[in-house]
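# Observations on the three-dimensional arrangement
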Amino acid sequence: MKGITTICRKELADHFSSTRFILLFYLILMVSLVTAFIVGSGLRDELKDVAKPTFVFLMLFTSPGKLFSLIQFIAIFGPLLGIVLGFDAVNRERSARTLSKLVSQPIYRDSVINGKFLAGLITISIMLVSIVLIISGLGLLLIGVVPGPEEISRLFIYLVISIFYIAFWLGISILFSVGFRSVATSALAAIACWIFFSFFVAMGASVMADAISPVDQARASLNPELLIKHEQTRKIISLVSPMTLYSEATTIILDPLRKTTQSILLMGPMERLSISRFQSPLPLSESVYIVFPHLISLMAITLVCFATSYTVFMRQEVRST
Amino acid sequence: MNGLKVIETQDLTKVYGEEVAVDRLNININEGEVFGFLGPNGAGKTTTLLMLLGLSEPTSGKARVCGFDPTREPLQVKRLVGYLPENVGFYDDMNAVQNLLYISRLNGIPDDLAGIKIKELLKVVDLEVDPRKKVGEYSRGMRQRLGIAEVLIKDPQVVFLDEPTLGLDPDGSLQMLDLIRSLSQDKKITVFFSSHLLDQVQKISHRVGIMIKGQMVAVGRIEDLAKEKFGVGQEKYTLEEVYMKYFKEGLL
Ligand SMILES: Nc1ncnc2c1ncn2[C@@H]1O[C@H](COP(=O)(O)OP(=O)(O)OP(=O)(O)O)[C@@H](O)[C@H]1O
Ligand SMILES: [Mg+2]
């Protein structure tokens, strides 16, 4: 236990003083602030003369700014944060020849991996919490609506899911840092994974769905079930991607008016407003119920990554050459 | 030397794929002894040290270090054994004191005590530190000294030094040898070290072991080995001559 806390403390200090982390943090912070500002002032203008709808505060996170909404932004670029925190966790120590020294101290060998993972997790949490707090503060100023307890609960759940999501990428990148001796290779492998899951799976899913349950236009009009089946196949395949899992889960949590896990449609505030006039929002308990499987899957794949790096590391020769 | 065995091995063997790196090694090393471990490159010296520390699992055979089995009780062994790897590495963006403090924390030494120890040790290894200077800017010799300080900070009973004088200037080597000798004499620390510099080994070792291609071909006091190879009354032969004789035979 002593080993884990000592290693974790050192890694935390390393993270918070490393240039690449600071750069990425400010980048994410800046984009979040700008997006929050655009969305916030947009909401304020559009909602000037109408009664405030329920959950207006959450719209700050789900409405699109110039290019994307805040949750989409975290979904796409959050993984980079996890990767930056972990891609050289073990192989940097190996190439600096500090690893053999580290494991010859009286600590369990797994403390090295555990300490590093924990430090990454803490860093991610601190970062996400502060970003959400800053955005909320800005939103408070701009829209002038105080979030109710349910909105705060939803934001909290959103934070938990986001932390797990980025922790998954931390796990992947630590796995690569155990598996690959060269820092450059592990960084590239992690980025390749990110690109694959974030961009290709979505494209690949529709191609594969075409192959598995093909729809031709003539028959589709006669038989709508074909279309449904195609769509279902596409959805199941795209769930392979943690990004899809994450986006669906967070959209449901932060957007109570949405009742199914359909993919994100960009809706302006007025459209939503009109929807909310006719629909009653989903209660928090049901939203949680819907995203529960998503959360479990995210946790499971994170654990798989972590457990794999753990076993590989425990069996590896420590010899520095 | 009170005859207590600090390191014992029984048929300790390590096989990498097809290659036998260490072949049925049997050695006994006494408390407070300085044991010089010799052998050509690739003989299996580092592999032996790694197995004795529990960092590498033996293919077969047994080892005991300070009464503990390094494979099953690695923590106990690591608490008592200080290890200086060949080409030791440091956290280059920290200074010497920060590096030492990290190691002492990993050994569970409270920070206030560690502060005092670090000051002492830096004097012992004769390393002047400018706190603004990062270890990345250190010379080879300074790094080696810092490495020794890291080994000693846990107050070990046994130290394993893999080529401790590698890259040191003549004066630095002499200081290092003095330090090793004083560890054994004053603190009763057992020193097990590997080196290619035979005159240095001859100066400080009580006994030496010669390993060739994974096999320990000779163990004993240098005089005894000379007697064995060159006949009675030939104890004046240097370790270098003895070693070369074993080396040539070992290659046949
Ligand atoms: N991870 C490994 N996989 C396969 N073979 C290895 C591995 N590590 C070491 N060996 C082999 O084991 C043998 C012994 O290596 P070792 O490092 O113990 O030699 P050494 O005596 O320390 O040599 P040197 O004086 O050069 O340091 C060598 O032939 C080496 O090729
Ligand atoms: Mg070696």
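Just so we're clear, the structure is a prediction, and the values are computed from it rather than from any experiment. (Residues numbered from 1 in each chain as written. Chains lettered and ligands numbered in written order. Predicted model: local features only at pLDDT ≥ 70, side-chain atom pairs only at ≥ 80, totals over all residues. Heavy atoms only, no water.)

Let us look at unusual backbone geometry. Peptide bonds are mostly trans, and most non-glycine residues show a negative phi. Of note in the backbone geometry, Arg97(A) takes a positive phi value of approximately 60° without being a glycine. On the secondary structure map, Arg97(A) appears in the loop between helix 5 (91-95) and helix 6 (99-103). You will see that Arg24(B), though not glycine, has its phi angle at about 35°, which is positive. Tracing the sequence through the fold places Arg24(B) in strand 2 (residues 19-25). Its relative accessible area of 53% is what places Arg24(B) among the exposed residues. (Helix = DSSP H or I, 4+ residues; strand = E, 2+ residues; numbered from the N terminus. Buried < 20%, exposed > 50% of the residue type's maximum accessible area, 1.4 Å probe, protein only.)

To continue, consider the layout of surface pockets. Each pocket or cavity is described by its volume, and for the largest pocket that value is around 600 Å³. Lining the largest pocket we find 27 residues, and of these Lys10(A), Asp14(A), Tyr91(B), Asp93(B) and Met94(B) sit closest to its centre. Elements supplying a minimum of two residues to the lining of the largest pocket: helix 1 (2-17) and helix 5 of chain A together with helix 3 (96-106) of chain B. In terms of residues, the lining of the largest pocket owes the most to one element, helix 1 of chain A, which gives eight residues. Residues that form the lining of the largest pocket fall into these classes: nine nonpolar, six polar and twelve charged. One number sums up the size of the second largest pocket: a volume of about 430 Å³. As for the second largest pocket, its lining consists of 18 residues, and the residues nearest its centre are Arg109(A), Met314(A), Gly54(B), Leu55(B) and Glu57(B). Counting only elements with at least two residues in the lining of the second largest pocket, the list comes to helix 14 (284-315) of chain A together with helix 2 (74-80) of chain B. At three residues, helix 2 of chain B tops the list of elements feeding residues into the lining of the second largest pocket. Taken together, the residues of the lining of the second largest pocket break down into eight nonpolar, four polar and six charged. (1 Å grid on protein atoms, 1.4 Å probe; cavity = no way out; pocket = protein on both sides within 12 Å on 5 of 7 lines; lining within 4 Å. Points joined across faces, edges and corners; volume = space filled by probe spheres on them. Nonpolar A, V, L, I, M, F, W, Y, C, P; charged D, E, K, R; others polar.)

Near ligand 1 lie 14 residues; those nearest to it are Arg319(A), Glu19(B), Lys45(B), Thr46(B) and Thr47(B). Two or more chains meet at ligand 1, and those chains are chains A and B. Between Ala43(B) and ligand 1, the recorded distance is 3.2 Å, taken from a backbone N or O atom to an oxygen atom. In this structure, an oxygen atom belonging to ligand 1 sits 2.6 Å away from a side-chain N or O atom of Thr46(B). Every element with two or more residues in the shell around ligand 1 is listed here: strand 2 and helix 1 (45-53) of chain B. Residue contributions to the shell around ligand 1 peak at three residues, all from helix 1 of chain B. (Near = heavy atom within 4 Å. Polar contact = N/O pair within 3.5 Å; in protein donor to acceptor, adjacent residues only side chain to side chain.)

Bringing the nonpolar core into the picture now. Membership of the largest hydrophobic core comes to 112 residues, with the highest contact counts inside it found for Phe61(A), Ile161(A), Phe160(B) and Phe192(B). By residue number, the principal contributor to this core is helix 8 (residues 149-179) of chain A, which donates 16 residues. Those residues in contact with Phe160(B), other than ones at most four positions away along the chain, are Ile7(B), Leu49(B), Leu52(B), Leu53(B), Val81(B), Gly82(B), Tyr83(B), Leu84(B) and Phe192(B). Of all hydrophobic cores here, the second largest spans 48 residues; its members include Val151(B), Leu183(B), Phe193(B) and Leu239(B). (Core = buried A, V, L, I, M, F, W, Y, C linked by side-chain atoms within 4.5 Å. Contact = heavy atoms within 4.5 Å.)

This brings us to the confidence of the model for chain B. Averaged over every residue, the pLDDT of chain B is 89; residues scoring 70 or more account for 97%. Prediction confidence for the complex, expressed as pTM and ipTM, is 0.88 and 0.88 respectively. (pLDDT = per-residue confidence, 0-100.)

Looking now at the confidence of the model for chain A. Chain-level statistics for chain A give a pLDDT mean of 83 and a share of 89% at 70 or above. Per-element confidence in chain A is highest for helix 1 of chain A, whose mean pLDDT is 93, and lowest for helix 13 (residues 269-278) of chain A, whose mean pLDDT is 58.

All names here are of chain B. Reading across from one edge, 6-7-8-4-9-10 is the order of the six strands in this open sheet, with mixed pairing throughout. One side of each edge strand has no neighbouring strand; the edge strands of this open sheet are strand 6 (81-84) and strand 10 (215-220). On average, each strand axis in the sheet is tilted by 15° relative to the strand beside it, whichever way the strands run. Here strand 9 (residues 207-212) pairs with strand 10 via five bridges, running antiparallel. (Pairing = 2+ DSSP bridges. Axes fitted to C-alpha atoms, helices over the stretch in contact; angles between N-to-C directions.)

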